[in-house]
Amino acid sequence: MKLGIVGLPNVGKSTLFNSLTKAGAQSANYPFCTIDPNVGIVSVPDERIKLLGEMYHSKKVTPATIEFVDIAGLVKGASKGEGLGNQFLSHIREVDAIVHVVRCFEDSNIVHVDGSVDPLRDIETIGLELLFADMEVLERRISKVARSAKMDKEAGKEHALLLRLKAFLEEGNMASGFACDNEDEEKFFAGYNLLTAKPVIYAANVAEEDLSNDGADNAFVGKVREYAAAHHSEVFVVCARIEEEISELEEDEKKEFLEELGLSESGLDKLIAASYSLLGLISFLTAGEDETRAWTIKKGTKAPQAAGKIHTDFERGFIKAEVVDYQDLLREGSLAAAREKGLVGMEGKDYVVKDGDVILFRFNV
């Protein structure tokens, strides 16, 4: 999974990125300190693989990962070349979802590019820049396809879609709300990789005192939640400064620190939960002496396609999948013991993989 982190300058975006990835992106109280996109890979915390790894005495325990891409602070007119221009927008065309950091705290020591704190205005500013960047993509594509639209049937179909889509965006709509009429249009649409078609998770960055009650008393957070609900987006409340402190601690110290703050989970935990929920993702597990590993797939994925995540040969030569729930496996202590209790299913090509399934694939190539 790949997530792009965006936001106006000085909203806590790079501080949050540093905390999540410990990648050390420069963070300072002035715009554009993140000039090139910073990339960090984060392991998805998963107690299940840790316990299974201990049970199997695995040589290696490999968690699922998330790749974060931190993009330079956007300003009004970015899509037209203001600030650093739109050079960075191409970096988020490839992400699965956008994490939009929104400032929901007052602090006279940290300047706001627009002079005051207003999360809805900030959301609109970023949204418009992404929209303008998408319009440019469509205009370039229209001029390219228009030449062959009269002679070529497929090009004609795409040209008609592009004109409809452009008109839709010109009305101020995000591409995520556009309805394709058929599968052909869906394929064309997916190929454009539009920024405003991507799912969005809002990170409401608050002061420390607003953390323990999840921003319930923060009017700014309330506005962001209302906006997100109306736009089918996710929200999580975070304090970038606290996350920065957490990122410096050892695992056991983290739990203690969170408890002292009255928190049950870190900002990274919240973001992962929001990402999996928004993108409809789950994890299945493979376990053994050599390696215990978590694999991220879409909800509704069938066994052969899940096998293909491990290796294309597994999908091509799929025969059966031996499936056991990880809790049953841990309780029984071995796959053989779980088999004896009738807890292991032999599943075929139509089996839909569930979160927490431990799977042994049978294949023949």
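## Quick word on the sheet that holds strand β1 (residues 2–6)
If you trace the six strands from one edge of the open sheet to the other, you get β2-β4-β1-β5-β6-β7, paired in mixed fashion. Each edge of the sheet is formed by a strand with only one pairing partner; in this case those strands are β2 (38–43) and β7 (234–238). Along the sheet, successive strands turn relative to each other by an average axial angle of 25°, direction set aside. The pairing of β1 with strand β5 (residues 97–103) spans four bridges and is classified as parallel. The partner of Ile5 across the bridge, within β5, is Val99.

## A few points about a negative patch on the surface
Negative charge collects at one region of the surface, where Glu250, Asp252, Glu253, Glu256, Glu259 and Glu260 lie side by side. Among the structural elements, Glu260 can be located in helix α8 (residues 251–260). With a relative accessible area of 63%, Glu260 lands in the exposed category.

## Section: unusual backbone geometry
In this model, Asp214 sits at a positive phi of 55°, which is unusual for a non-glycine residue. Along the polypeptide, Asp214 turns up in the loop between β6 (200–205) and α6 (219–230). You will see that His232, though not glycine, has its phi angle at about 55°, which is positive. Mapped onto the fold, His232 is located in the loop between α6 and β7. Overall, His232 belongs to the exposed group, its relative accessible area being 72%.

## Comments concerning the packing of aromatic side chains
Here the structure, examined in full by the defined rule, presents seven aromatic pairs. A connected cluster of aromatic rings, assembled from ring pairs, spans Phe284, Trp295, Phe318 and Phe361. Taking NZ or CZ as reference, Arg103 lies 4.6 Å from the ring centre of Phe105, over its face. Directly above the aromatic system of Trp295 lies the positively charged group of Arg293, at a separation of 4.0 Å from the ring centroid.

## Notes on helix α9 (residues 267–279)
Taking 1.5 Å per residue as the helical rise, α9 with its 13 residues ought to reach 18 Å, and the 18 Å between its terminal C-alpha atoms agrees with that figure. If you check which residues of α9 are buried, you get Gly267, Leu268, Lys270, Leu271, Ile272, Ala274, Ser275, Tyr276 and Leu279. Backbone geometry just downstream of α9 places Gly280 in the positive-phi region, at approximately 65°.

## Quick word on the pattern of salt bridges
According to the stated counting rule, one finds 26 salt bridges in the structure shown. For Arg164, the salt bridge identified is with Asp181, shortest N-O distance 3.5 Å. Placement of Arg164 in helix α4 (residues 153–170) and of Asp181 in the loop between α4 and α5 (183–192) is noted, with a sequence separation of 17 residues between them. Residue classification places Asp181 among the exposed positions, given a relative accessible area of 58%. Notably, a salt bridge pairs Arg225 with Asp214, separated by 3.0 Å at the nearest N-O pair. With a gap of 11 residues between them, Arg225 in helix α6 and Asp214 in the loop between β6 and α6 connect regions that are remote in the sequence.

## Some remarks on the pairing of strand β9 (residues 291–298)
Two faces, one strand: in a regular strand the side chains alternate between the faces of the sheet. Relative to β9, strand β3 (residues 60–62) is paired through three bridges, and the arrangement is parallel. By the bridge assignment for β9, Thr62 is matched with Arg293. In this structure, strand β8 (residues 281–286) lies alongside β9, joined through six bridges in antiparallel fashion. Each residue of the ladder has a partner; that of Leu281, found in β9, is Lys298.

Rules used throughout
Residues numbered from 1 in each chain as written. Predicted model: local features only at pLDDT ≥ 70, side-chain atom pairs only at ≥ 80, totals over all residues. Heavy atoms only, no water. Pairing = 2+ DSSP bridges. Helix = DSSP H or I, 4+ residues; strand = E, 2+ residues; numbered from the N terminus. Axes fitted to C-alpha atoms, helices over the stretch in contact; angles between N-to-C directions. Patch = residues over 30% accessible without salt bridge, like charges linked within 9 Å, V, L, I, M, F, W, Y side chains within 5 Å. Areas by Shrake-Rupley, 256 points an atom, 1.4 Å probe, with all protein chains shown as cover. Salt bridge = Lys/Arg side-chain N within 4 Å of Asp/Glu carboxyl O. Lys, Arg positive; Asp, Glu negative; His and termini not counted. Charge placed at Lys NZ, Arg CZ, Asp CG, Glu CD. Buried < 20%, exposed > 50% of the residue type's maximum accessible area, 1.4 Å probe, protein only. Phe/Tyr/Trp six-rings, centres within 6.5 Å; stacked < 30°, edge-to-face > 60°. Lys NZ or Arg CZ within 6 Å of the ring centre and 35° of its normal. Expected span 1.5 Å × (residues − 1).

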